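Structural overview
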Amino acid sequence: MMLYLRLFYEFFKTGLFAVGGGMATIPFLYSMADATGWFTRIDVDNMIAVGESTPGPIGVNMATYVGYITGGNAGGLPFAILGAVVATLGLITPSIIVILIIASFLKSFRDNRYVDSAFYGLRPASTGLIAAAGLSVMVSNLFFPDMLGETLLNPAWINWKGWALAVVLWVLTNKVKKTKGLHPILFILASAVAGVVWGM
């Protein structure tokens, strides 16, 4: 029971403070990985890949995934499903509460200069959270973070396969006329195939 209360609390906290959408939850997930030991930072990177490749909001997808894995570790499929539901509810509950409060006071909120100022301040904060998440994902996919402490003269800390895939994708989505108009899901599927083939 304590596990599910902790799951709800951790994701409630994430949902309450992750302003800026699903990508803003990523720094909270890294922090949760360090604090709880439920998953690793590499697991977070894998969750991002799965969450971006599946339908639905990435934050909700990742909460459901973490809850499922964490609950499943406690004792099989029923516990995994319960964990997924609890984590997802924890993440979306703050948004529901805030939206209900705002909807009930919409008229006064709309013209309130303090609310306008608060949202003005929140925009750069959410931008910073998303940028930090993007940088973390980039570093963990283009380098081997556990080897970054070694000498820069040793190229073993560079993930050459990751760099090659990133450069090829950048060229295909920005420079090649025939491919840059293709739907992003095609690049996601091609990247998944490349990951399987290359063993990334």
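One can find the structure itself at the top, above this paragraph.
We now turn to the structure provided with this report. None of the values given here were measured: they were computed from a predicted structure.

Rules and cut-offs
Residues numbered from 1 in each chain as written. Predicted model: local features only at pLDDT ≥ 70, side-chain atom pairs only at ≥ 80, totals over all residues. Heavy atoms only, no water. Salt bridge = Lys/Arg side-chain N within 4 Å of Asp/Glu carboxyl O. Phe/Tyr/Trp six-rings, centres within 6.5 Å; stacked < 30°, edge-to-face > 60°. Helix = DSSP H or I, 4+ residues; strand = E, 2+ residues; numbered from the N terminus. Buried < 20%, exposed > 50% of the residue type's maximum accessible area, 1.4 Å probe, protein only. Axes fitted to C-alpha atoms, helices over the stretch in contact; angles between N-to-C directions. Parallel < 35°, antiparallel > 145°, perpendicular 65-115°, else oblique. Left-handed = near helix turned anticlockwise from the far one by under 90°. Contact = heavy atoms within 4.5 Å. Nonpolar A, V, L, I, M, F, W, Y, C, P; charged D, E, K, R; others polar.

**With respect to the pattern of salt bridges**
A complete count under the given rule lists three salt bridges for this structure. Here Asp 34 makes a salt bridge to Arg 41, at a shortest N to O gap of 2.8 Å. Among the charged side chains, a network of salt bridges with common partners joins Arg 6, Glu 10 and Lys 13.

**As for the packing of aromatic side chains**
The full count for this structure, using the stated rule, is two aromatic pairs. Arranged with centres 5.9 Å apart and planes meeting at 25°, the rings of Phe 8 and Phe 12 form a pair that is stacked. With Phe 8 and Phe 12 both in helix H1 (residues 2–17), this residue pair falls four residues apart, about one helical turn. Looking at Phe 12, the relative accessible area reads 25%, which means it is partly exposed.

**A look at the packing of H1 against helix H4 (residues 58–75)**
Taken N-terminus to C-terminus, the directions of H1 and H4 make an angle of 165°; their axes are 11 Å apart at the nearest point. As far as their axial angle goes, H4 and H1 are roughly antiparallel. As H1 runs across H4, the sense of the crossing is right-handed. The residues of H4 that touch H1, namely those facing Leu 3, Tyr 4, Leu 7 and Phe 11, are Ala 63, Val 66, Gly 67, Thr 70, Gly 71 and Ala 74. A per-class count over the contact of H1 with H4 returns seven nonpolar, three polar and no charged.

**Here we look at the side chain of Ser 126**
Within the secondary structure, Ser 126 is located in helix H7 (residues 113–142). Those residues in contact with Ser 126 that lie beyond four places of it in its chain are Val 19 and Gly 20.

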